[in-house]
Amino acid sequence: MSEKSLRIIVTGLVQGVGFRPFVYRIASKFSLKGWVQNTNENVIIQVTGNPVRINSFVISLKTEAPPAAVIRDISTEETDNVQYDSFIIKESNDISEEITEISPDIAVCSDCLADMDISGSRLDYAFVNCTNCGPRFTIIEDLPYDREKTTMSHFAMCRECRREYENVTDRRFHAQPVACSNCGPHYEMHAAGKMISDKTEDILTGVAACIEKGGIVLIKGLGGMHLACDAFSEEAADRLRSLKNRDGKPFAIMFRDLETIRQYAETDKQEEVSLLSWRRPIVLLKKKKSSGPQIAGNISSGLNLSGVMLPYLPFHYLLFRKLKTPAIVMTSGNFSNEPIIMDNEDALSQFTGCVDLIVLHNREIFNRTDDSVVRILSGKERIFRRSRGYVPAPIDTALNNDGILAFGAELTNTFCAGKKQNAYLSQHIGDLQSVETTRFYEETMSRFIKMFRIKPSLVAVDMHPMYISTRKGLTYKGLPVIEVQHHHAHIASCMAENKLDEKVIGVAFDGTGYGTEGNTWGSEFMICDLNDFERISHFDYIALPGGDSASEEPWRIAISYLNKVYGKSFLELNLPLLKEVKSEKIRLLLHMIDRNINCPLTSGAGRLFDCVASLLGLVQTATFQAEGPMKLESLVDGISEENYQFDTGESICFDKTIKGIVDDMLNGIGKVTIATKFHNTIILTIFDTVNAIRLKSGINKVVLSGGVFQNKYLSERTVDLLIKNNFEVFTHSTVPANDGGIALGQLAVASKRRELLCV
Ligand SMILES: [Zn+2]
Ligand SMILES: [Zn+2]
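Quick caveat: nothing in here was measured; it's all calculated off a predicted structure.

Rules used in this analysis
- Residues numbered from 1 in each chain as written.
- Chains lettered and ligands numbered in written order.
- Predicted model: local features only at pLDDT ≥ 70, side-chain atom pairs only at ≥ 80, totals over all residues.
- Heavy atoms only, no water.
- Helix = DSSP H or I, 4+ residues; strand = E, 2+ residues; numbered from the N terminus.
- Rg over C-alpha atoms; globule rule 2.2 N^0.38 Å.
- Buried < 20%, exposed > 50% of the residue type's maximum accessible area, 1.4 Å probe, protein only.
- Donors = N, O, S within 2.8 Å, 3.2 Å for Na, K, Ca; no water.
- Tetrahedral: all angles 85-135°; square planar, octahedral: opposite > 155°, others 65-115°.
- Core = buried A, V, L, I, M, F, W, Y, C linked by side-chain atoms within 4.5 Å.
- Contact = heavy atoms within 4.5 Å.
- Axes fitted to C-alpha atoms, helices over the stretch in contact; angles between N-to-C directions.
- Parallel < 35°, antiparallel > 145°, perpendicular 65-115°, else oblique.
- Left-handed = near helix turned anticlockwise from the far one by under 90°.
- Nonpolar A, V, L, I, M, F, W, Y, C, P; charged D, E, K, R; others polar.
- Salt bridge = Lys/Arg side-chain N within 4 Å of Asp/Glu carboxyl O.
- Pairing = 2+ DSSP bridges.
- Phe/Tyr/Trp six-rings, centres within 6.5 Å; stacked < 30°, edge-to-face > 60°.
- Expected span 1.5 Å × (residues − 1).
- Lys, Arg positive; Asp, Glu negative; His and termini not counted.
- Polar contact = N/O pair within 3.5 Å; in protein donor to acceptor, adjacent residues only side chain to side chain.

### Topic: the overall build of the protein
1) Next: Broken down by element type, the protein carries 22 helices and 31 strands.
2) Next: For a compact globule of 759 residues, the expected C-alpha radius of gyration is about 27 Å, and the protein comes in at 27 Å, within 12% of that figure.
3) Next: C-alpha atoms of the protein, sized along the principal axes, occupy 90 × 65 × 50 Å.
4) Next: Relative to its full complement of 759 residues, the protein shows a buried share of 62%.

### Quick look at the coordination of the zinc ion (ligand 1)
1) Next: Taken together, Cys109 (SG), Cys112 (SG), Cys130 (SG) and Cys133 (SG) make up the protein donors of the zinc ion (ligand 1), found 2.2 to 2.3 Å from the metal.
2) Next: Coordination at the zinc ion (ligand 1) is tetrahedral, judged from the 4 donor atoms that bind it and the angles of 102 to 119° they form at the metal.
3) Next: Mapping the donors of the zinc ion (ligand 1) onto the primary sequence gives the spacing C-x2-C-x17-C-x2-C. Of this pair, Cys109 sits in the loop between strand 5 (87–89) and helix 3 (110–115) while Cys133 is found in the loop between helix 3 and helix 4 (159–166), placing the two residues 24 residues apart along the sequence.
4) Next: The exposure class assigned to Cys109 is buried, which follows from its relative accessible area of 13%.
5) Next: For Cys133, a relative accessible area of 0% translates into the label buried.

### Let's talk about the nonpolar core
Across soluble globular proteins, nonpolar side chains show a tendency to be buried alongside one another.
1) Next: Counting 78 residues, the largest nonpolar core has Ile8, Phe19, Ile45, Phe57, Leu61 and Val207 as its most contacted members.
2) Next: Beyond its immediate stretch of four places on either side in the chain, Ile8 contacts Val43, Ile44, Ile45, Val47, Phe57, Val58, Leu61, Ile74, Ser75 and Thr76.
3) Next: Grouped together as the second largest cluster of nonpolar side chains are 66 residues, Phe509, Val581, Met592 and Val612 included.

### Some points on the packing of helix 20 (residues 671–697) against helix 21 (residues 712–724)
1) Next: Where helix 20 contacts helix 21, the axes come no closer than 10 Å and their chain directions differ by 40°. Regarding the angle of helix 20 to helix 21, the classification is oblique. Read as a crossing pair, helix 20 and helix 21 show a hand that is right-handed. Along the contact surface, helix 20 presents Thr676, His679, Asn680, Ile682, Ile683, Ile686, Phe687 and Val690, while helix 21 presents Tyr713, Leu714, Arg717, Thr718, Leu721 and Leu722.
2) Next: Taken together, the residues that form the contact of helix 20 with helix 21 break down as 9 nonpolar, 4 polar and 1 charged.

### Examining the coordination of the zinc ion (ligand 2)
1) Next: Cys158 (SG), Cys161 (SG), Cys180 (SG) and Cys183 (SG) make up the full set of protein donors to the zinc ion (ligand 2), lying at 2.2 to 2.3 Å.
2) Next: Linear spacing of the donor residues for the zinc ion (ligand 2) on their chain is C-x2-C-x18-C-x2-C. Of this pair, Cys161 sits in helix 4 while Cys183 sits in the loop between helix 4 and strand 6 (187–191); the two residues are 22 residues apart in sequence, bridging distant segments of the chain.
3) Next: Here Cys161 falls in the buried class, since its relative accessible area comes to 1%.

### What about the pattern of salt bridges?
1) Next: In the structure shown here, the tally under the stated rule is 42 salt bridges.
2) Next: The salt bridge involving Glu633 is made with Arg375; its shortest N-O contact spans 2.9 Å. With Glu633 in helix 18 (residues 627–635) and Arg375 in strand 16 (residues 373–377), this residue pair connects regions lying 258 residues apart in the sequence. We note that Glu633, like Arg375, is buried.

### What to know about the pairing of strand 16
1) Next: Of all 5 residues making up strand 16, 5 are buried, and the element is well covered by its neighbours.
2) Next: Because side chains alternate across strand 16, one face comprises the buried residues Val373, Arg375 and Leu377, and the other comprises Val374 and Ile376, equally buried.
3) Next: Here 2 bridges tie strand 12 (residues 282–287) to strand 16, and the two strands are oriented parallel to one another. Paired with Val283 across the two strands is Val374, which belongs to strand 16.
4) Next: One ladder, built from 5 bridges, connects strand 16 with strand 17 (residues 380–385); its direction is antiparallel. Bridging across to strand 17, Val374 finds its partner in Ile383.

### Comments concerning the packing of aromatic side chains
1) Next: Applying the stated rule across the entire model yields 21 aromatic pairs.
2) Next: Centroid distance Tyr424 to Phe452: 4.0 Å. Interplanar angle 20°. Geometry classified as stacked. In this pair, Tyr424 sits in strand 21 (residues 422–425) while Phe452 sits in the loop between helix 11 (435–451) and strand 22 (458–462), placing the two residues 28 residues apart along the sequence. No difference in accessibility class separates Tyr424 from Phe452, as the two residues are buried.

### With respect to unusual backbone geometry
1) Next: The peptide bond linking Val391 to Pro392 adopts the cis configuration, its omega dihedral lying at 10°.
2) Next: Tracing the sequence through the fold places Pro392 in the loop between strand 17 and strand 18 (395–396).
3) Next: With a phi angle near 50°, Thr412 is a residue other than glycine that sits in the positive phi range.
4) Next: Note that Thr412 resides in the loop between strand 19 (404–406) and strand 20 (416–419).

### Points about helix 11
1) Next: Its 17 residues give helix 11 an end-to-end C-alpha distance of 24 Å, which sits within 8% of 24 Å, the value for a rise of 1.5 Å per residue.
2) Next: Those residues of helix 11 lying buried are Thr437, Thr438, Phe440, Tyr441, Thr444, Met445, Phe448, Ile449 and Met451.
3) Next: Looking at the buried residues of helix 11, the elements they touch are strand 19, strand 21 and helix 12 (468–474).
4) Next: Within two residues after helix 11, Arg453 carries a phi angle of roughly 50°, on the positive side.

### Notes on the packing of helix 17 (residues 605–615) against helix 18
1) Next: Close contact between helix 17 and helix 18 brings their axes to 8 Å; oriented N to C, the two are set at 65°. Judged by the twist between their axes, the crossing of helix 17 over helix 18 is left-handed. Seen from helix 17, the contacting residues are Gly606, Phe609, Asp610, Val612 and Ala613; seen from helix 18, they are Gly628, Pro629 and Leu632.
2) Next: Here the contact of helix 17 with helix 18 is composed, by residue class, of 5 nonpolar, 2 polar and 1 charged.

### Notes on the side chain of Asp230
1) Next: As for its placement among the helices and strands, Asp230 is situated in strand 9 (residues 225–230).
2) Next: Buried charge without a salt bridge: Asp230, with Arg256 as the nearest opposite-charge side chain at an N-O distance of 9.7 Å.
3) Next: Within polar-contact distance, the side chain of Asp230 engages the side chain of Thr325 at 2.9 Å.
4) Next: Every residue in contact with Asp230, bar those within four places of it in the chain, is listed here: Ile211, Thr325 and Ala327.

### Focus on the sheet that holds strand 1 (residues 4–13)
1) Next: The mixed open sheet is built from 5 strands, whose spatial order is 4-1-3-2-5. Both outer strands of the open sheet, strand 4 (70–79) and strand 5, are each paired with one neighbouring strand and no more. Each adjacent strand pair in this sheet contributes to an overall mean axis angle of 15°, direction not counted.
2) Next: Summarising the sheet, strand 1 and strand 4 pair through 9 bridges and their orientation is antiparallel. Paired with Ile8 across the two strands is Thr76, which belongs to strand 4.
3) Next: Its contacts with the sheet place helix 2 (residues 51–63) against strand 1, strand 3 (43–49) and strand 4, and it is angled at close to 5° to strand 1.

### Digging into the sheet that holds strand 21
1) Next: With respect to topology, 6 strands assemble into an open sheet ordered 18-21-20-19-22-23, the strand pairing being mixed. Bordering the open sheet on either side are strand 18 and strand 23 (481–484), each of which pairs with just one other strand.
2) Next: Here strand 19 pairs with strand 22 via 3 bridges, running parallel. Bridge pairing in strand 22 places Ala406 opposite Ala460.

### Description of the environment of Lys659
1) Next: Mapped onto the elements, Lys659 comes out in helix 19 (residues 655–666).
2) Next: It is 64 Å that separates the C-alpha atoms of Lys659 and Ile59, two residues lying 600 residues apart in sequence.
3) Next: If sequence neighbours within four positions are ignored, Lys659 has contacts with Val565 and Tyr566.

Distances and angles like these do not, on their own, reveal function.
Laid out in structure tokens, this is it:
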């Protein structure tokens, strides 16, 4: 049979994931000759050979690609017959202003772990990696992805590493961060302001001993630093908490292995898949009482959930070999409200004296990433914090996003940059309330623009005039700006993720967002498309004495609700809240409500959850975001199918719900039952309202978004009920339902409005 020549263009995430060596391997397998080349736009393959074998080759490209590769498109074109002597990997070629995708960081693979046991230059070497694993996004400074454009450029490869790097049959062929103990980065340990060792063995022994004595260690990792301590020590966790500045946020725990996780948490199949995935996120799991020693209660007190992850760096594995404890706290190395620390100098200057040991390495982190957080809802992974392992994979929205820069929300901020159909959602930035976080935000934005060759031409921002993100967007290079209402952006984000471009019923539940009339919204039922929305219903407004600061003090909203429902007579009720909060504070609050002093109106669903959490005595002053709602959800057992009364109409009134809860409390009904009945009430509210909207509008597609839908019980039951009643339901999976997903929605709305204007 005569030979033919074919040019194949592969687009998607095909760089830095071992794709070219894979192409080389299958080309050899099918005896094809030609070449493969990375460009900044795609991977180009030129092959000559037997036509049947070329067919098999193209099929293998799709079916046998390396695990971290994401092939979005393969196009083929027959070319003039060209003869080659062999199959080669050509040098990368920067051919245009286009870009290819950048791989997220990949957890160390089993082959590399095995290499750490073989004597030689990788024995116990904590930076071992190959084309299938290792750092990627965190070390990339620019594209195309080659060593000189990463923070590994400072390390000259030794002869042995170079041999592997250049050997097409080697697992490390063109593995850009390839390194060994002779030529690569290394760890060093500091104590009391002095470098005390740069020997891995000493460092591991020192860290293990320190942790076991109840000490705290700052450890540099992939995208930033971790603070680590023994997960079984209340004292160590307490000390860590005060060191991080009072923050009551739950700490994540790293377990030695899956077996140990199973002793301390309930896991199902999908949760284990997420735990073991190469992305290695923190997975929120239901706690389980262990027969053995107990995890310190103050790591996530009052919650039935625990944030759990498995080791993902060679260093983590090496450390667990030394540690007797099978679980350590691994929380972000930062002070509250500041970004995770990534520079050695910052680590030394800020943490010397605060922690017992500081373990650093000399491979620079270029792009900061936090650990990502996921939870399984309705059998599917949902991302709550999107960072390491997920970023910077683009989201294909089926819209023209080119040149749109969406600035995101204020808290849990991410931004989003558009390139053709793709939306590049940044890694989790954090709360834009500190100078450091704002600097991180601006720096990352300019890096995304450079890396992904974005030419900004249109800006999208939240409507809130006081958001730092909004103010930055309004003045950005004098570009035209589109303002997007917060909850419309939530729904648009979920629509974009699901490639919906039509009229839908949107339900956006969160804590707070700026409404078009200046009130605070957060329980929105809307009919909307990507361009615009019509608010159909919402929870009744309630005065929020103290404004934003009230969200940190759930008792304020509880008093406001009680006052609305009962008038001042609520003061006679025998409620724990009235004993837990000083009566002068309550009197002052009532005075504010009566005189309407600093009492903005809110309809935030999160505030109603706060109110119930306060009534039940779970939280009066929150120490982290959504503490009240999370503690309330933790009580739900799903046994009670009952619910409280409520009234629906143009807005939804919960006076009867509050009365029902108070009556139950006075009658000695348990908190678990009350919390469950309350959740059932909200689920019914959603169903009734959405059903009424369907009857009137004929729209059958329901889109759910907003942080409240991170509540497993609420989300799963709502979805089930809607599906049972023949609704088509759309939820988030690859983009956070919380404000971390807002930027994508802003971008989608801006794209749609631009398109309509052009028509
Ligand atoms: Zn590997
Ligand atoms: Zn080497």
